[in-house]
Amino acid sequence: MLKTWILSFSVFALQIFTYSIALDVTQYGAVGDGVTDDSQAFLKAWEAVCGGAGDGQLIIPAGMAFMLQPLKFEGSCKSTPIVVQILGNLVASSRGKWKGDKDQWILFSDIEGLVVEGNGEINGQGSSWWEHKGSSRPTALKFKSCNNLRLSGLTHVDSAMAHIHINGCNDVTISHLRINAPESSPNTDGIDVAASSNVIIQDCVIATGDDCIAINSGTANIRISGIDCGPGHGISIGSLGKDGEIASVEDVCVQNCNFRGTMNGARIKTWPGGSGYARRITFNRITLDNVENPIIIDQHYNNGDSDESTDDKSSAVEVSKVVYSNFVGTSRSEYGVNFRCSKRVPCTEIFMQDVKIETESSGMGQVAQGQCLNVRGGVSTLAVPGLECLALSTDMLSWGTMPEQACMLPQPSVQPNTRPLQDPLWVYGSRAQRLGVYNVILTSLISFGFSYVLG
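What you are looking at is a predicted structure, and each value in this text was computed from that prediction instead of being measured.

Engineer: Please clarify how the packing of aromatic side chains should be interpreted in this entry.
Structural biologist: Two numbers describe a pair of aromatic rings. These are the distance of the centres and the angle of the planes. On inspection of all chains with the given rule, the structure shows 10 aromatic pairs. A ring pair is formed by Phe42 and Phe66, whose centres lie 5.4 Å apart and whose planes are at 65 degrees; its orientation type is edge-to-face. Linking Phe42 in helix H2 (residues 39-50) with Phe66 in strand E4 (residues 65-68), this pair joins segments that are 24 residues apart in sequence. By the burial criterion, Phe42 is buried, and Phe66 matches it. Feature note: the residues Trp46, Phe73, Phe108 and Phe143 constitute an aromatic cluster, connected by ring pairs. Over the ring of Tyr277 we find Arg279; its NZ or CZ atom is 3.6 Å from the centre of that ring.

Engineer: Would you explain the environment of Cys257 in this entry?
Structural biologist: Looking at the secondary structure, you find Cys257 in strand E22 (residues 246-260). Sequence separation between Cys257 and Ile286 is 29 residues; the distance between their C-alpha atoms is 5.2 Å.

Engineer: Just checking my understanding: could you explain the state of the cysteines for this structure?
Structural biologist: When the sulfur atoms of two cysteines share a covalent bond, that bond is a disulfide. All told, the structure shown has four disulfides when counted by the stated rule. Shown here is the disulfide that connects Cys50 with Cys77, its sulfur atoms set 2.0 Å apart. In this structure, the disulfide formed by Cys50 and Cys77 twists by about -100 degrees around the S-S bond and is classed as left-handed. Highlighted residues: Cys50 in helix H2 and Cys77 in the loop between strand E5 (71-74) and strand E6 (82-86), separated in sequence by 27 residues. For Cys77, a relative accessible area of 17% translates into the label buried.

Engineer: Looking at this structure, I do not really get the environment of Leu288. What am I missing?
Structural biologist: Along the chain, the position of Leu288 falls in strand E24 (residues 275-291). Owing to a relative accessible area of 4%, Leu288 belongs among the buried residues under this scheme. Placed 30 residues apart in sequence, Leu288 and Asn258 show a C-alpha to C-alpha distance of 6.1 Å. Among all residues touching Leu288, those that are not within four sequence positions of it are Phe259, Pro294, Phe327, Val328, Gly329, Thr330 and Ile357.

Engineer: I keep staring at the pattern of salt bridges and nothing clicks. Help me out?
Structural biologist: Pairing is possible between side chains that carry opposite charge, provided their charged atoms lie close to one another. Within the structure shown, the criterion is met by 10 salt bridges. For Glu358, the salt bridge identified is with Lys356, shortest N-O distance 3.9 Å. The buried category is assigned to Glu358, whose relative accessible area is 10%. If you follow the salt bridges from partner to partner, you end up with Glu250, Asp251, Arg279 and Arg280 in one network.

Engineer: In this structure, what is going on with the sheet that holds strand E17 (residues 191-194)? I would like to understand it.
Structural biologist: In a beta sheet, neighbouring strands are held together by backbone hydrogen bonds and run either parallel or antiparallel to one another. A sheet is described by the order of its strands in space; here 11 strands give the open sequence E5-E8-E11-E14-E17-E19-E21-E23-E25-E29-E31, paired in parallel fashion. Here the strands that pair on one side only, and so sit at the sheet edges, are E5 and strand E31 (369-373). Neighbour-to-neighbour, the strand axes of this sheet turn through a mean angle of 15 degrees, independent of strand direction. Its contacts with the sheet place H2 against E5 and strand E8 (104-109), and it is angled at close to 5 degrees to E5.

So, how was this worked out
Residues numbered from 1 in each chain as written. Predicted model: local features only at pLDDT ≥ 70, side-chain atom pairs only at ≥ 80, totals over all residues. Heavy atoms only, no water. Phe/Tyr/Trp six-rings, centres within 6.5 Å; stacked < 30°, edge-to-face > 60°. Helix = DSSP H or I, 4+ residues; strand = E, 2+ residues; numbered from the N terminus. Buried < 20%, exposed > 50% of the residue type's maximum accessible area, 1.4 Å probe, protein only. Lys NZ or Arg CZ within 6 Å of the ring centre and 35° of its normal. Disulfide = S-S within 2.5 Å. Contact = heavy atoms within 4.5 Å. Salt bridge = Lys/Arg side-chain N within 4 Å of Asp/Glu carboxyl O. Pairing = 2+ DSSP bridges. Axes fitted to C-alpha atoms, helices over the stretch in contact; angles between N-to-C directions.

Structure, rendered in structure tokens:
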């Protein structure tokens, strides 16, 4: 019987020390001193984890800074999900020492069930790029054709261009990010989304020199909530229709968001000469604090300017079925609402409900003004400022549930686990070795049971 118990204990110990280990980039030669180029070590680690090693988990350890040149992490991978835990800091090369692609710094492409999470920092070292506004500058973090994507917890600072770009991805959840760049930094969008569907962006704090979030063409079923935006240029649909583009954006809900000292609040911007549509868009439960343009539709957008002389263009992106509901706060300018729509392709079905915007400069109680150009077929109730182009109504029976309906967007169809099926109970050691306690205990109990029976 003693031999049987000894054998059982040996199985127990063996299970602990041979349980699969999540891969750590330092195992592949990454130094993490913030100066040494760790790019090749990261690529080697990615090749291993994408090939099925490490239970599909890659660790970037805390307390270290990894300097990286432009990198491409490409699929398809044998493991699903792939979990990248960023606990340390990633630091880009400065412009003078940059090597390779200037389109993006870090690219993840063609990966199913990718999870990027952690409390680490991604630093784009953008200050060396910003003075070269007219030249190519890299987006810090780009995801291309990554379905069932999860991104959470990280801090993103000082990208040379946009901080995060999502392109061609379906079923995406982005949450609990902090994104920071100086208000003066050019084109440093927080999160850009294009050609993607079923995207949720929630509970993020974003302060940049451009749009906090931009929703571009080819997008559908987008839900944005719990965003604290400012400084920056607000949350934008567009720009759409540049260079004659046929644009499409539909079923977008932006709700429970705060704008603080931003250039814009809820913005839709399209270029003259484009075509297509932006429709079924809802902005609901929005708080404004000293915002230059709280509500704006601009179909005369021209690279940051608005030029009505372009209204002779033969086409424009059609803007329709837009709801502004439950807005409250202050405007830095005299205008709280500004609809600048196309004469050839007017905005249609614009609805405002429970909107109260006052001017910041004149003190509480001074109502902001509204401008309305080429809007056809809209309704306003309990909206301040009021607009002559919108019919007044005391009831919203025909459209009163639209904000709620528009914001009931489908959840992502697949919610991948962020851990392997045999989830460890804790992490220990500098290399994030994982003890498979659940599996160990189960196996050991069976083993001890055998011992008891045999004994």
